[in-house]
Amino acid sequence: MTPFIMTATALEMFYNRKHTETRRGVTERTFGILKMRFSLFDRRAASSTPSVRYAMINTALHLMTIYLDPQEDPKRDFHLSHDAINMLMALLDIKKSHGWEPDLEVLLFLYWLAHGASYSVVSRAFGAPKTSVFRAVHKVAGKIVEKRSHCITLPKPHELEATGAGFDALAQNEAFETCVGAIDGCHIRIKAPAGPASIDYTKRKLFHSIQLQAVCDSGGRFLDTFTGYPGSVHDTRVLKNSPLYINQLYPPAGCFIVVDGGYPCSEQPICLMTPYREPLQSRVQERYNACHSRARSIIERSFGMMKTRWRSIFFKALEVDTNFVPSVITCCLPFLILIFPSLRIVYGIVS
């Protein structure tokens, strides 16, 4: 007798048993559904067809063939090279906790992120259950969010001089040699959440979004990120509620960050430098604004790099739960470091 047949028999004996406390919570309808499911398992177990091992990697799949063959280029399907995928897996160091291999979970997540596909599409592409794809995507995303500090970190004191020299070169003016960052916000399109709360996510351009605030250095590398606020919130409010501002994490004393005109010009708690508002009063203000614009534009190019690499995510509305959107956005940022370990963006050219 197979285990399933024994289970079905035990279930029927349990239902027929009288004077049992736990029997009170089992209705006839529930019993009928359970018995039908166990009967189906019994027929499968009794058939002569050999069972397939759960979570066994199917090397015949086209995507797995590309991943396992070192001669193939996986960038088209996963947007990362073999080296970058191996670096990511080493960074995450996911321990096997159930039937799915950690490598397969990471590939499921990368394919979903690269194509912005639904869980059903990824399920068919890998021959995996849709619920397993859902769990793998959320699990790997959570691991990347935990490890983000390994890729996105504020510069150390001895690195500030090089960062200032980079902004000096960008602005083409020595007055910006104490500039150590550029900050700006970016709106990520999302699917309108249900209920009256959807109005909070509507920005002034009349689409639903969640805000991403980021700080980058003179080479376009992200130093700090903060995401989660609805699109209707002003950039200044997002900044003042971020840990960077509240805890005065950056910049250090004697240095400043360049921001656009939507932010306040302040010295405390962190030093922010804005351009002069129009109408300009002198040629000096005009020259300053030109240098300021050249220095601050690096953050715009960093956002452009991020959106171009993951265009399936950022060029259309994200159709995931609103609470999961910040994790998806955060996951896209460390990959620029994995793809370009020595990333430098100068006038739109990646070196």
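A brief look at the structure comes next. Everything numeric in this text was worked out from a predicted model, so none of it was measured. (Residues numbered from 1 in each chain as written. Predicted model: local features only at pLDDT ≥ 70, side-chain atom pairs only at ≥ 80, totals over all residues. Heavy atoms only, no water.)

## Remarks on helix α14 (residues 325-332)
Cut-off, in case you're wondering: Only protein chains enter the area calculation, which uses a 1.4 Å probe; residues under 20% of their type maximum are buried, those over 50% are exposed, and those in between are partly exposed. Helix and strand definitions follow DSSP, with helices as H or I runs of at least four residues and strands as E runs of at least two, each counted in order from the N terminus.
Where burial is concerned, most of α14 is hidden: seven out of the eight residues are buried. Within α14 the residues assigned to the buried category are V325, P326, V328, I329, T330, C331 and C332.

## Points about the nonpolar core
Here is a general trend for soluble globular proteins: nonpolar side chains tend to be buried in one another's company. The cut-off we apply is this: What is meant by a nonpolar core is a set of buried Ala, Val, Leu, Ile, Met, Phe, Trp, Tyr and Cys residues, joined one to another through side-chain atoms within 4.5 Å. The contact criterion used is simple: two residues touch if any of their non-hydrogen atoms lie within 4.5 Å.
If you look at the biggest cluster of nonpolar residues, it comprises 73 residues, and the most contacted ones within it are F109, W112, F126 and F176. It is helix α6 (residues 102-115) that contributes the most residues to this core, 10 residues altogether. Apart from the residues lying within four places of it in its own chain, the contact partners of F176 are G164, F167, D168, A171, F256, V258, Y288, C291, H292 and A295. Counting 15 residues, the second largest nonpolar core, distinct from the first, contains I183, L239, L244 and Y250.

## Quick notes on the pairing of strand β2 (residues 209-216)
Let me state the cut-off plainly: We treat two strands as partners when DSSP finds at least two bridges between them.
With eight of its eight residues buried, β2 lies for the most part within the structure. Here β2 shows two buried faces, one formed by S209, Q211, Q213 and V215 and the other by I210, L212, A214 and C216. With eight bridges connecting them, strand β1 (residues 179-189) and β2 associate as antiparallel partners. Directly across from H187, in β2, lies its bridge partner Q211. The pairing of β2 with strand β3 (residues 222-230) spans six bridges and is antiparallel. For V215, the partnering residue across the bridge sits in β3 and is D224. Counted along the chain from β2 to the antiparallel partner β3, the turn is five residues long, and its residue G220 has a positive phi close to 90°.

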